[in-house]
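# Per-entry structural report
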Amino acid sequence: MKILGISCGRKMSNTEILVKEALMGAEEMGAEVELIRLNDLNIKPCTGCNACVVNLFEKGGAGECVIKTDDFAFIDEKIMECDGLILGSPIYEKGPNGLLKILSDRMGPSHDVAFRTVAKNLRKEKGITTGKGPDERSFKRRAASLIAVGGSEWDTLALPVMHIFTLSMQIDVVDKFLVNWVGLPSSVVFKEDKLKRARESGRHVAESLLKEASESKYIGEPGVCPICHSKLIEIRDDNNNYPAVCAICGVRGTLNVVDGKVHFDIAEEDKAHSHILLSGKFEHVDELHKVSLKPNPKAHELPERLKKYKSYLSYSTPKR
């Protein structure tokens, strides 16, 4: 059992300390542990070229990225190799470290378990024997804990964005928690309760992996969404049947207040649409195939329609 810690913070400061504390807890349960500091890596932004998806579906590959001049392959291998993940990030402007979002973008569609399942099945159907095909480690069960660390309660988007990092890879988030009011470097070492909480979290990730998936439990602070435990719910006035949508798992429902407490109510038949579940991911793949990626009947007009934009303005760049 391998558990990987990814710290998105400074060396030996609050986030790294809490991630290390969690890894100590996992190690107590017999796990092999490893630590990566994201700021040590050179991870370039995703260009949106979709070459990874083309590689996966049309070339029988593993969904490799065309960017080869950074450290993405290194961390990709570490994440594929691990069974459990401890992900920690400081909170900047209500969200996690921006490098995490860059990494999350790079591990998007090409790492989606539904995408990789479809690609694997296509290889079988077509009898494709060339190319690597999807990494088999993509389909194993994995568990994660998310730790967000901030100097105040400006934290609304921290855990949701961190949770999204695990979404496409179908990593089961069994714990997530906030540690606030630790703005000064390394000051979390004086908060024994937070250190204990982090160690408990690491132990729980390891314990979850030692049990059957059906026995896995979430121990984090209860959220509003009963599926992914998110507290972030979007209100959409354009849909009267489902006026509320979970910002993480996308499941639709209604918000109600009972005895002063907010409830996010989801019909039983709608739970399968959650992006946390494989059923929701396969639904997303189907939507892309039938709508977004469907060839436009006027595609032959594209070069002519683009002319006015190509000739409009030139890019402003710094002087070198």
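What this report covers is the structure whose coordinates are included nearby. (Residues numbered from 1 in each chain as written. Predicted model: local features only at pLDDT ≥ 70, side-chain atom pairs only at ≥ 80, totals over all residues. Heavy atoms only, no water.)

## Side note on the overall build of the protein
- Check the secondary structure of the protein and you find nine helices and ten strands.
- Against the 2.2 N^0.38 benchmark of 20 Å for 320 residues, the protein shows a C-alpha radius of gyration of 21 Å, consistent with a compact globule.
- Dimensions along the principal axes, computed over C-alpha positions, put the protein at roughly 65 × 50 × 50 Å.
- The burial tally for the protein puts 43% of its 320 residues in the buried class.
- If you take every contact in the protein between residues at least 6 apart in sequence, the share linking residues at least 24 apart comes to 69%.
- When the accessible surface of the protein is summed, it comes to about 18,000 Å², and 54% of that surface belongs to carbon and sulfur atoms. (Helix = DSSP H or I, 4+ residues; strand = E, 2+ residues; numbered from the N terminus. Rg over C-alpha atoms; globule rule 2.2 N^0.38 Å. Buried < 20%, exposed > 50% of the residue type's maximum accessible area, 1.4 Å probe, protein only. Contact = heavy atoms within 4.5 Å. Areas by Shrake-Rupley, 256 points an atom, 1.4 Å probe, with all protein chains shown as cover.)

## Digging into the sheet that holds strand E10 (residues 261–265)
- Read across the sheet, four strands follow the order E7-E8-E9-E10 without closing on themselves; strand pairing throughout is antiparallel. The open sheet has two edge strands, strand E7 (233–235) and E10, and neither has a second partner. Taking each pair of neighbouring strands and ignoring which way they run, the sheet shows an average axis angle of 40°.
- Pairing analysis gives three bridges linking E7 to strand E8 (residues 244–246), with the strands arranged antiparallel. (Pairing = 2+ DSSP bridges. Axes fitted to C-alpha atoms, helices over the stretch in contact; angles between N-to-C directions.)

## Some details on the nonpolar core
- Ranked by internal contacts, the top residues of the largest apolar core, which has 30 residues, are Ile 6, Leu 38, Ile 75, Ile 79, Leu 85, Leu 87 and Phe 165.
- Among the secondary structure elements, those contributing two or more residues to this core are strand E1 (2–7), helix H3 (72–81), strand E3 (84–92), helix H4 (98–106), strand E5 (143–149) and helix H6 (158–167).
- Apart from the residues lying within four places of it in its own chain, the contact partners of Ile 6 are Val 19, Ile 36, Leu 38, Ile 75, Ile 79, Leu 85, Ile 86, Leu 87 and Gly 88. (Core = buried A, V, L, I, M, F, W, Y, C linked by side-chain atoms within 4.5 Å.)

## Quick notes on the pairing of E3
- Burial within E3 is extensive, with eight of its nine residues counted as buried.
- Bridge count between E3 and E5: seven bridges; the pairing is parallel. Paired with Leu 87 across the two strands is Leu 146, which belongs to E5.
- Note: E3 against strand E4 (residues 95–96), two bridges, orientation antiparallel. Across the sheet, Ile 91 pairs through a bridge with Pro 96, a residue of E4.

## Structural notes on a nonpolar patch on the surface
- A cluster of nonpolar residues, Ile 235, Leu 255, Val 257 and Val 262, forms a patch on the protein surface that exposes about 350 Å² of accessible area.
- With respect to the helices and strands, Val 257 occurs in strand E9 (residues 252–258).
- Classification of Val 257 by relative accessible area gives exposed; the value is 62%. (Patch = residues over 30% accessible without salt bridge, like charges linked within 9 Å, V, L, I, M, F, W, Y side chains within 5 Å. Salt bridge = Lys/Arg side-chain N within 4 Å of Asp/Glu carboxyl O.)

## Some thoughts on helix H1 (residues 14–28)
- The terminal C-alpha atoms of H1 lie 21 Å apart, and with 15 residues this matches the ideal 21 Å at 1.5 Å per residue to within 8%.
- Of all the 15 residues making up H1, eleven are buried; the element is thus mostly covered by neighbouring parts of the structure.
- Of all the residues in H1, the buried ones are Asn 14, Thr 15, Glu 16, Ile 17, Leu 18, Val 19, Glu 21, Ala 22, Leu 23, Gly 25 and Ala 26.
- Of the residues flanking the end of H1, it is Gly 30, one or two places downstream, whose phi is positive at about 95°. (Expected span 1.5 Å × (residues − 1).)

## Quick notes on the environment of Leu 122
- Secondary-structure assignment places Leu 122 in helix H5 (residues 113–126).
- For Leu 122, a relative accessible area of 24% puts it in the partly exposed group.
- Considered as a pair, Leu 122 and Leu 167 are 45 residues apart in the sequence and their alpha carbons are 23 Å apart.

## Remarks on the pattern of salt bridges
- For the structure shown, the criterion picks out 22 salt bridges.
- A salt bridge links Lys 2 to Glu 81, with the shortest nitrogen-to-oxygen separation between them at 2.7 Å. Remark: Glu 81 occurs in helix H3 and Lys 2 occurs in strand E1; sequence separation between them is 79 residues.
- Across the pair Glu 136 and Lys 120 runs a salt bridge whose closest N-O atoms are separated by 3.1 Å. Of the two residues, Glu 136 is situated in the loop between H5 and E5 and Lys 120 in helix H5; the sequence distance between them amounts to 16 residues.
- Classification of Lys 120 by relative accessible area gives partly exposed; the value is 24%.
- Shared partners join several salt bridges into a network, and the residues in it are Glu 21, Glu 28, Arg 199 and Arg 203.

Limitation: the analysis is restricted to geometry and does not speak to function.
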